[in-house]
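Next come the chains, spelled out residue by residue.
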2 protein chains.
Amino acid sequence: MSRAGIAIDPDRLMARIRKLGEIGALPGGGVCRLALTEEDRAGRDLLVGWMRELGLEVRIDAIGNIFGLRRGREEGPPVMTGSHIDTVRTGGLYDGALGVLAGLEIVETLDRAGIGTRHPLVIAAFTNEEGARFPPDMMGSLVHVGALALEDALATRGIDGETVGACLERIGYAGDAPVGRPEARAFVELHIEQGPVLEREGVTIGAVEGVQGISWQALSLRGRSAHAGATPMAMRRDAGLVAAEIAVFARRLAREIGGDQVATVGSLRLSPDLVNVVPERAELTVDLRHTDDLRLREAERRLSAFAAEAAAREGVEIAFRQLARFAPVAFDPAMVARVEATARRLGRSVRRMPSGAGHDAQIMARVCPTAMIFVPSVGGISHNVEEYTAPEDLAAGAEVLLELLLDLLEGEGA
Amino acid sequence: MSRAGIAIDPDRLMARIRKLGEIGALPGGGVCRLALTEEDRAGRDLLVGWMRELGLEVRIDAIGNIFGLRRGREEGPPVMTGSHIDTVRTGGLYDGALGVLAGLEIVETLDRAGIGTRHPLVIAAFTNEEGARFPPDMMGSLVHVGALALEDALATRGIDGETVGACLERIGYAGDAPVGRPEARAFVELHIEQGPVLEREGVTIGAVEGVQGISWQALSLRGRSAHAGATPMAMRRDAGLVAAEIAVFARRLAREIGGDQVATVGSLRLSPDLVNVVPERAELTVDLRHTDDLRLREAERRLSAFAAEAAAREGVEIAFRQLARFAPVAFDPAMVARVEATARRLGRSVRRMPSGAGHDAQIMARVCPTAMIFVPSVGGISHNVEEYTAPEDLAAGAEVLLELLLDLLEGEGA
């Protein structure tokens, strides 16, 4: 129960999550609602219909971002909440949808209680957060904050060869509102954790301090293929061995740097990949993440040095290619503190934590004070049809969001 | 020049190797003469034609093995030499062909010098040594020694669905001679090394002491896929990491056991194999070989123990599957000593060494005293269109073979 004496309706929230999850539902469970497909159109139509039923003023901009406005007593910049409704190819019901639909639930709660607010409230659904069909991910929020030019975004071709612009036209979401508006006075995103930390620690609410910096590298190794029986060990130039050494080192590196450092070799391919041939080529990726850019750079440096040394030792050529590099994002400390304090006031267990995944909030943080609220993911599973968060945790997150928004909607500052 | 005052003709040997290599020649070099194909038929026809021109009595048995007999002063078991003329899909000119065509060259040399021998000499070309189209490899020699039933061999289906029996009929090499004859008094096979040792050490002749025992295992690892950013290191069950640890251990194991021990992880596949997902599954193969079966068993035991321990440490399930297991073969020590002594007598540098690859000789070793003579492979490359051995090394090998055969053809024992 919030200080205003009101509470969200968990069943109503779940009903909307389930209803949206029927669009693009996969036979065995889960959802496929790739950005700007017919399924995305149907999901958007459902969302916009709900917004209109709740009396929100719907604005669709030129990149297809959807904003539903609930007016306040004063004009001026709104407080914004939301997330996205596109999914990966084998996604779950909660990733993105929770943040948008919790926003609608809060609007409905305020409406039913007859509560007006000083500042306007906007519920946002950003276009193509996943990047699963069109790169880059977080496209809608990047265009919104001016970090990606609208023309470039519209001209982007997807994995099926179609452009963002053509798809937006086809599904009827090439809106006429200029991008970049409304300018929010603050942004809060409720999201599932997508990792196992909250569940393992028995904590309900994550107060997200920031988003990890990400470094993706592809390493190409070229040795010499050779007969696995006839080639003595000392005469080998085994590209597969060097790849394996790098993978083992990546784990050691994460352990030695410690803290939030993570390191993953997710892809590793050998050629010719035959049981009795010493591998001539190996291709592997290394994903390094840390909330502290200095530490992330240290990890990158040490990994590169080790890889070069291991390759040289084996007489294997090595080439590095940066696939992605995002600096860490730190959310506004005052906003993080408000999430934490709000959760405690509502009697919820809470811990500060980084986000390992990317979110629209990290883009919005460039233009306004921003916070994220995490709720537990069972088994840490996400981007998977088995993604699940218990209804009581979804409701707890929505309650914290409601309480925080009420503060922000009445406040002087952000 | 041999003790009999005769010498092989290197140009004639090379001419036959080149002529046979034209059959199934690949556009960019190399040869594709898979067992029992039209190309194999054409190669066999050429070989049988040469045998008949040289006055050999040609015998073709029910598995298609070709034996060309040069009679001796006495009846009785012949001395046999030879190898095979089938190739892998992207083979070279020398693997197999050298051993057969050097036999023909020796017959021609003896004929031209008017030299008769006490015992008969047989030049053999065994069916399907490579196993590249029909398993198992060394099929013709296995049937010859009675280790594989003729009916089973004939019923074997190849990668294209056809049976050995049907193909033998079609190409006209389902011979009427019973398998298992002639019974050789000794067998000698001249072959390219297929590894880099002789070239690197500047040695011309390898006196092969035996064939390494082979252990092939497939390891299946199952952990849990997880978000590469949102999953702390301590909460991972990374199947790819365990696979990499096993690959690194295999190298360490070979180094620690030392001697002839080799260990290769030639195939390693991850799933889902994505840059930002901790691998749920990994499949890898481990190829272990040693000339000493006790050492090979030790290697297998230590590898299995390490793999089980590494998997348990990471919370990953592991399953082992034996793909192949052949015990080492030791050639007759007296025969090995004769190869070595003969090479020295001819002024050739020589070293004892194991064979890392399988050969018909290791099958023949079950029924008669057997030896192999190796000549250098440039770059250790074989089963590859770039396979190459210098003409002078081919000739040196053929000279050692001639000299050794002359001894055996006159000798009391083997």
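Residues numbered from 1 in each chain as written. Chains lettered and ligands numbered in written order. Predicted model: local features only at pLDDT ≥ 70, side-chain atom pairs only at ≥ 80, totals over all residues. Heavy atoms only, no water.

(A) Layout of the relation of the copies chain A and chain B. The transformation that overlays chain A on chain B combines an axial shift of 0.3 Å with a rotation of 180°, and the residual RMSD is 0.3 Å. One copy is carried onto the other by what is essentially a two-fold rotation axis. Closest approach to the rotation axis within chain A is made by the C-alpha atom of A244(A), at a distance of 2.2 Å. Residue by residue, 98% of the interface of chain A is reproduced at the interface of chain B, so both copies engage with the same surface. (Least-squares fit on C-alpha atoms with pLDDT ≥ 70 in both. Contact = heavy atoms within 4.5 Å.)

(B) How the structure looks around the interface of chain A and chain B. Between chain A and chain B, the contact holds 50 residues from the first and 50 residues from the second. Summing the contributions of chain A and of chain B, the shared interface buries around 4,400 Å²; its carbon and sulfur component is 60%. The largest contributions to the chain A side of the interface with chain B come from M233(A), R251(A) and V275(A), which together make up 16% of the buried area. The interface formed by chain A and chain B includes four salt bridges. Linking D273(A) and R269(B) is a salt bridge whose minimum nitrogen-to-oxygen distance equals 2.4 Å. Taken together, the links from chain A to chain B amount to 14 residue pairs in polar contact (both at pLDDT 80 or more). For the side of chain A that touches chain B, the element with the most residues is helix α8 (residues 239–257) of chain A, which contributes seven residues. The class makeup of the residues in the side of chain A that touches chain B is 24 nonpolar, 14 polar and twelve charged. (Buried area = accessible area lost by both parts, 1.4 Å probe. Salt bridge = Lys/Arg side-chain N within 4 Å of Asp/Glu carboxyl O. Polar contact = N/O pair within 3.5 Å; in protein donor to acceptor, adjacent residues only side chain to side chain. Helix = DSSP H or I, 4+ residues; strand = E, 2+ residues; numbered from the N terminus. Nonpolar A, V, L, I, M, F, W, Y, C, P; charged D, E, K, R; others polar.)

(C) Inspection of the packing of α8(A) against helix α8 (residues 239–257) of chain B at higher detail. At a minimum axis separation of 8 Å, α8(A) and α8(B) run at an interaxial angle of 125°. Here α8(A) lies oblique to α8(B), going by the angle between them. Seen along the crossing, α8(A) lies across α8(B) with a hand that is left-handed. Contacts between α8(A) and α8(B) involve L241(A), A244(A), E245(A), A247(A), V248(A) and R251(A) from the former and L241(B), A244(B), E245(B), A247(B), V248(B) and R251(B) from the latter. Residue composition of the contact of α8(A) with α8(B), by class: eight nonpolar, no polar and four charged. (Axes fitted to C-alpha atoms, helices over the stretch in contact; angles between N-to-C directions. Parallel < 35°, antiparallel > 145°, perpendicular 65-115°, else oblique. Left-handed = near helix turned anticlockwise from the far one by under 90°.)

(D) A look at the domain arrangement of chain A. Residues and elements named next belong to chain A. What the domain assignment lists for chain A is domain 1 (10–211 + 328–410) and domain 2 (213–326). Listed per partner, the contact involves five residues of domain 1 and eight residues of domain 2. Between domain 1 and domain 2, a total of about 500 Å² is buried, with carbon and sulfur atoms accounting for 64% of that surface. Together, P328, P354 and G356 form the three largest contributors to the area buried by domain 1 at its contact with domain 2, with a combined 73%. (Domains from an automatic or database assignment.)

(E) The arrangement of unusual backbone geometry in detail. R181(A) connects to P182(A) through a cis peptide bond whose omega is -5°. With respect to the secondary-structure elements, P182(A) resides in the loop between α6 (164–171) and β5 (186–192). Not every positive phi belongs to a glycine, and N128(B) is a case in point at roughly 50°. At M138(B), a position not held by glycine, the phi torsion is positive, near 60°.

(F) Seen up close, the packing of aromatic side chains. Residues and elements named next belong to chain A. Using the criterion set out here, one finds eight aromatic pairs over all chains in the structure. Residues F126 and F187 carry aromatic rings whose centres are separated by 6.1 Å and whose planes lie at 65° to one another, so their mutual orientation is edge-to-face. Here F187 lies in strand β5 and F126 lies in the loop between β4 (121–125) and α4 (139–145), a separation of 61 residues in the sequence. Each member of the pair F126 and F187 is classed as buried. Lying over the aromatic face of W50, R16 brings its terminal NZ or CZ to 5.5 Å of the ring centre. (Phe/Tyr/Trp six-rings, centres within 6.5 Å; stacked < 30°, edge-to-face > 60°. Buried < 20%, exposed > 50% of the residue type's maximum accessible area, 1.4 Å probe, protein only. Lys NZ or Arg CZ within 6 Å of the ring centre and 35° of its normal.)

(G) A look at α8(B). Residue and element names in this part refer to chain B. In a regular helix each residue adds 1.5 Å, so 19 residues correspond to 27 Å; α8 covers 27 Å between its end C-alpha atoms and thus fits that length. Judged by how many residues are buried, α8 sits mostly within the fold: 15 of 19 residues are covered. Looking at where α8 begins, the residue whose side-chain oxygen comes 2.9 Å from the main-chain nitrogen of G240 is D238. Just downstream of α8, G258 is the residue with a positive phi angle, here 70°. (Expected span 1.5 Å × (residues − 1).)

(H) Representation of the environment of Y173(B) in the model. Residues and elements named next belong to chain B. When you line up the elements, Y173 lands in the loop between α6 (164–171) and β5 (186–192). What makes Y173 buried here is its relative accessible area of 5%. In this view, Y173 contacts R41, R44, D45, V48, I60, D61, G64, I66 and L168; residues no more than four positions away in its chain are not counted. In this structure the side chain of Y173 is engaged in a polar contact, spanning 3.5 Å, whose partner is the backbone oxygen of R44.

(I) Summary view of the pattern of salt bridges. Residue and element names in this part refer to chain A. Enumeration over the complete set of coordinates arrives at 70 salt bridges over all chains. Salt-bridge contacts for E340 lead to R352; the nearest nitrogen and oxygen are separated by 2.8 Å. Highlighted residues: E340 in helix α10 (residues 333–345) and R352 in strand β15 (residues 350–355), separated in sequence by twelve residues. On the basis of relative accessibility, which here comes to 16%, the residue E340 falls in the buried class. The closest approach of N and O atoms between R345 and E403, which form a salt bridge, is 3.5 Å. Of the two residues, R345 sits in helix α10 while E403 sits in helix α12 (residues 391–410), which places them 58 residues apart along the sequence. According to the relative accessible area criterion, E403 is buried, its value standing at 3%. Among the charged side chains, a network of salt bridges with common partners joins R12, R16, E105, E108 and R112.

(J) Geometry of the environment of R237(A). Residue and element names in this part refer to chain A. Position of R237 relative to the elements: it lies in the loop between β8 (226–227) and α8. On the accessibility criterion, R237 (26% relative accessible area) is partly exposed. Not counting residues within four places of it along the chain, the set of residues in contact with R237 comprises G223, R224, P279, E314, G315 and V316.

(K) Spatial organisation of the nonpolar core. Residues and elements named next belong to chain B. The biggest cluster of nonpolar side chains holds 94 residues, and the ones touching the most others in it are L47, M80, L101, L104 and I373. Top contributing element to this core by residue count: helix α12 (residues 391–410), with twelve residues. Discounting chain neighbours no more than four positions away, the residues touching L47 are I66, I85, V100, L101, L104 and A125. (Core = buried A, V, L, I, M, F, W, Y, C linked by side-chain atoms within 4.5 Å.)

(L) Representation of helix α1 (residues 10–21) of chain A. Residue and element names in this part refer to chain A. For α1, spanning twelve residues, the distance from its first C-alpha to its last is 16 Å, which sits close to the expected 16 Å at 1.5 Å a residue. Buried residues along α1 sit against α2 (38–53), α3 (97–113) and α12. Capping the start of α1, D9 holds a side-chain oxygen 2.9 Å from the backbone nitrogen of D11, two or three residues further along.

(M) How the structure looks around the pairing of strand β6 (residues 205–211) of chain A. Residues and elements named next belong to chain A. Counting buried residues along β6, six of its seven residues qualify, which places the element largely inside the surrounding structure. Relative to strand β16 (residues 370–375), β6 runs antiparallel, the two sharing three bridges. Residue pairing for β16: A207 is matched across the bridge by I373. (Pairing = 2+ DSSP bridges.)

(N) View of the pairing of β4(A). All names here are of chain A. Burial of β4 is extensive: five of the five residues sit out of reach of the surface. Residues L121, I123 and A125 point to one face of β4 and V122 and A124 to the other, with burial holding for every one of them. Summarising the sheet, strand β2 (residues 66–70) and β4 pair through five bridges and their orientation is antiparallel. Following the sheet pairing, R70 is matched in β4 by L121. Direction of pairing for strand β3 (residues 79–83) relative to β4: parallel, over a ladder of five bridges. Pairing of G82 across the sheet is with A124, part of β4.

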